[in-house]
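Coordinates in review
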Amino acid sequence: MEYLKEPVAPSQGNILCCQCGIPIPPNPANMCVACLRTQVDITEGIPKQVTVHFCKQCERYLQPPGTWVQCALESRELLTLCLKKIKASLSKVRLIEASFVWTEPHSRRLKIKLTVQKEVMNGAILQQVFVVEYVVQPQMCDDCHRVEAKDFWKAVVQVRQKTLHKKTFYYLEQLILKHRLHQNTLRIKEIHDGLDFYYGSKQHAQKMVDFLQCTVPSRSKSSQRLISHDIHSNAYNYKSTFSVEIVPICKDSVVCLSPKLAQSLGNMSQICVCIRVTSTVHLIDPNTLQIADIDGNTYWRHPFNSLFHPKQLEEFIVIDTTRVQERKQGAGAGMRSNKHTLAEAWVQKTSEMNTDNQYFCRTHLGHLLNPGDLVLGFDLANCNLNDEFANKMNPHNVPDVVLIKKSYDRTKRQRRRNWKLKELERDREGMDTDDERQYQDFLEDLEEDEAIRRNVNIYKDSKIPVESDTDDEGAPRISLAEMLEDLHISQDATGGEGSDMVTQ
């Protein structure tokens, strides 16, 4: 007998399957995988078809019992929501992997491929792959039900401005559109001196109030009214009202400050011009080019009013202009504007061309005016001012004329305007010709003031051909680089819903 010098490697023997008799490696069940699957189904009890509810209005899915969540197709959030629908059935198996199976987006079907493991006969572990189909059923959520009702609201924000011009509201409308603050509103109603925003929750209304206080100088107050009370659960149902009052000053308004306020702003003249209203009221002194910003809190401590109505603007023709050299500022003087030029001008009303009445004034429009130009302004020499601060001023300190802005041909500017703005969908009481004139004034202000344009989304108007940035008269225009493309998804790649596919 010969001994082997090298050790013999152990080898595992095969056994016969107790069902079909094929040789297999030994396992606790003594059965092959095929026979084991015929005897045991580890996916038993797991539903193969499940229903999920989807709101078409807000594009959210229902997460039982009453939560609606936003989920994109084939996202991790949607996968988690679908697995929670069968969470109780999956407790008896071990989930190894879950992934989406591609389905047609319009099929109203979601398919998830699951890989599970379970211990079966005598400790054998069986792994199985199967697909669960989710049927997407449309169901309107409670929030969208309230939106469709249009009469159900829990909070209202009443925005008011006691002025006859709506420039501030037009600017505020564009800010709301840019920051998408209108998405949670149930209804927007336009009334004579403001807007009403209706909301389904008090939190959304409070968010709008906070936004308004950050974007325009204003003050607010709130109140609530008890609608119902459940004595068993101690639950109260309130309707809240938020009142927001915007300062009654618009762009191009002539104001008269109180002596105390004018002194605190760097010894400004009391007669000032409002050049812009954003989060603060921007004022300029036409005599010295001194500028000042007044926020809402300062205004309500030292209120002042506009001296003129916008309809009282008169047209003047420039007879002669002379630029004034910069003088040394006195002690305590505020900042001066670098975008304006101080000039002395002789002007005459276009309605008094057959007379010798001419007016001398100082203006902040020296960089725009030339002899022969038309300019809009207010006549203080021939008017009765009904203002407590203006009536107490020394008559020698009150200018004869305050020039506001250069005048251009409005018809030509409208014809060449190759851009447009979007508007809020709201209930209107009726739009008259004065509203249209005020809206055109706001569009002209956008063309003339670059600082306001930065906060507004301006879109190209494809109906108007693109021309040069300035016209023959030199009227300011918005450059093409500042405009956005207005995207309208009106039809799909096949040419529209239900149309035949386009073939070459």
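Residues numbered from 1 in each chain as written. Predicted model: local features only at pLDDT ≥ 70, side-chain atom pairs only at ≥ 80, totals over all residues. Heavy atoms only, no water.

To continue, consider the sheet that holds strand E19 (residues 343–349). If you walk across this open sheet you meet the 5 strands as E20-E19-E18-E21-E22, and the pairing is antiparallel. Two strands close off the open sheet at either side, each with one partner strand: strand E20 (359–363) and strand E22 (401–406). Each strand of the sheet is rotated relative to its neighbour by a mean of 45°, with strand direction disregarded. With 5 bridges joining them, E19 and E20 adopt antiparallel strand pairing. Paired with Trp346 across the two strands is Phe360, which belongs to E20. (Pairing = 2+ DSSP bridges. Helix = DSSP H or I, 4+ residues; strand = E, 2+ residues; numbered from the N terminus. Axes fitted to C-alpha atoms, helices over the stretch in contact; angles between N-to-C directions.)

Taking strand neighbours across the sheet as the criterion, the 4 strands line up as E14-E15-E16-E17 in an open arrangement whose pairing is antiparallel. Two strands lie at the open edges of the sheet, namely strand E14 (254–256) and strand E17 (291–294), each paired on one side alone. If you compare each strand with its neighbour and ignore which way they point, the axes differ by 40° on average.

Let's shift gears to the pattern of salt bridges. In total, this model carries 24 salt bridges according to the counting rule given. Ionic pairing is found between Lys167 and Asp252, a salt bridge with its closest N-O pair at 3.0 Å. In this pair, Lys167 sits in helix H4 (residues 167–179) while Asp252 sits in the loop between strand E13 (235–246) and E14, placing the two residues 85 residues apart along the sequence. Classification of Lys167 by relative accessible area gives buried; the value is 8%. One network of salt bridges, with partners in common, ties together Lys167, Lys251, Asp252, Lys405 and Asp445. (Salt bridge = Lys/Arg side-chain N within 4 Å of Asp/Glu carboxyl O. Buried < 20%, exposed > 50% of the residue type's maximum accessible area, 1.4 Å probe, protein only.)

The next subject is the packing of H4 against helix H5 (residues 202–215). Two elements in contact, H4 and H5, have axes whose closest approach is 12 Å; the angle formed by their N-to-C orientations is 125°. In terms of axis orientation, H4 runs oblique to H5. Pair H4 / H5 crosses with right-handed handedness. Listed contacts from H5 to Leu172, Leu175, Ile176 and His179 of H4 are Met208, Phe211, Leu212 and Thr215. (Parallel < 35°, antiparallel > 145°, perpendicular 65-115°, else oblique. Left-handed = near helix turned anticlockwise from the far one by under 90°. Contact = heavy atoms within 4.5 Å.)

What follows is about H4. End to end, H4 covers 19 Å across 13 residues, agreeing with the expected 18 Å (1.5 Å per residue, within 8%). Burial analysis of H4 places 11 of its 13 residues in the buried class, the great majority of the element. Taken together, the buried positions of H4 are occupied by Lys167, Thr168, Phe169, Tyr170, Tyr171, Leu172, Glu173, Gln174, Leu175, Ile176 and Leu177. Among the residues trailing H4, Arg180 stands out with phi positive, at a value near 55°. (Expected span 1.5 Å × (residues − 1).)

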